[in-house]
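Here are the chains, one letter per residue:
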Amino acid sequence: GDEALDRLRGGTAPCLIVLDLDMPRKDGWEFRSEQIRDPKLAAIPTIISSSGDDVKQKAAALSIEGYFENRADFDAFLELVGRYCLIE
């Protein structure tokens, strides 16, 4: 999480952040909290990847633009990414 935040702050903003809530050291909840407090990073659309039955509630709690379950199919993932990024 910390490394990702450092890279985002030091580089060109990506079209989308795909966030796993179960990262070690700084989990996705902490990452997202820092992201939305940083004006440079707050505007980057973010979707979460998570397992469990409460993915929709987690996304709402984090003001996330979208979500997919880790066990979701690849086409569903590409559709969600395609909302924010040009896919060729």
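One can find the structure itself at the top, above this paragraph.
First things first, this report covers the structure right here in the doc. Just so it is clear, the model here is predicted, and its values are computed rather than measured.

Considering the pattern of salt bridges
Phase 1 of the analysis: Counted according to the given criterion, the structure contains 6 salt bridges.
Phase 2 of the analysis: One salt bridge in this structure joins arginine 7 and glutamate 3, with 3.2 Å as the shortest N-O distance. Note that arginine 7 and glutamate 3 are positioned in helix 1 (residues 2-10) at a spacing of 4 residues, about one turn of the helix. Per residue, the accessibility class of arginine 7 equals that of glutamate 3, and both read exposed.
Phase 3 of the analysis: Put simply, aspartate 38 and arginine 9 hold a salt bridge, and the shortest N to O gap is 2.8 Å.

What about the side chain of glutamate 34?
Phase 1 of the analysis: Along the chain, glutamate 34 falls in helix 2 (residues 28-37).
Phase 2 of the analysis: Setting aside chain neighbours within four positions, we find glutamate 34 in contact with Asp2, Leu5, Arg9 and Lys26.

Here we look at the packing of helix 1 against helix 2
Phase 1 of the analysis: Two elements in contact, helix 1 and helix 2, have axes separated by 10 Å at closest approach and are oriented at 25°. When the interaxial angle is binned, helix 1 and helix 2 end up roughly parallel. When the axes of helix 1 and helix 2 are compared, the crossing they make is right-handed. Contacts between helix 1 and helix 2 involve Asp2, Ala4, Leu5, Leu8 and Arg9 on the former and, on the latter, Phe31, Glu34 and Gln35.
Phase 2 of the analysis: A class-by-class count of the residues in the contact of helix 1 with helix 2 yields 4 nonpolar, 1 polar and 3 charged.

Reading guide: rules and limits
Just so you know, the residues in each chain are numbered from 1, in the order the chain's sequence is written. Totals for whole chains, interfaces and linings use every residue, but because this is a predicted model, local features are given only for residues with pLDDT of at least 70 and side-chain atom pairs only at 80 or more, for both listing and counting. The side-chain figures draw on all heavy atoms in the structure; neither hydrogens nor water molecules are used. A side-chain nitrogen of Lys or Arg and a carboxyl oxygen of Asp or Glu constitute a salt bridge if their distance falls within 4 Å. Only DSSP runs of H or I reaching four residues or more are called helices, and only runs of E reaching two or more are called strands; each is numbered from the N terminus. Residue exposure (1.4 Å probe, protein chains only): buried if accessible area is under 20% of the type maximum, exposed if over 50%, otherwise partly exposed. Here a residue-residue contact requires only that any non-hydrogen atoms of the pair lie within 4.5 Å. Note on definitions: angles span 0 to 180 degrees between N-to-C directions of axes, and those axes are lines fitted to C-alpha atoms, for helices only across the stretch in contact. Angle categories are assigned with fixed cut-offs, so that under 35 degrees is roughly parallel, over 145 is roughly antiparallel, 65 to 115 is roughly perpendicular, and the rest are oblique. The sense of a crossing depends on the near helix, which, turned anticlockwise from the far helix by less than a right angle, makes the crossing left-handed and, turned clockwise, makes it right-handed. Residues were grouped as follows: Ala, Val, Leu, Ile, Met, Phe, Trp, Tyr, Cys and Pro as nonpolar; Asp, Glu, Lys and Arg as charged; and all remaining residues, including Gly, as polar.

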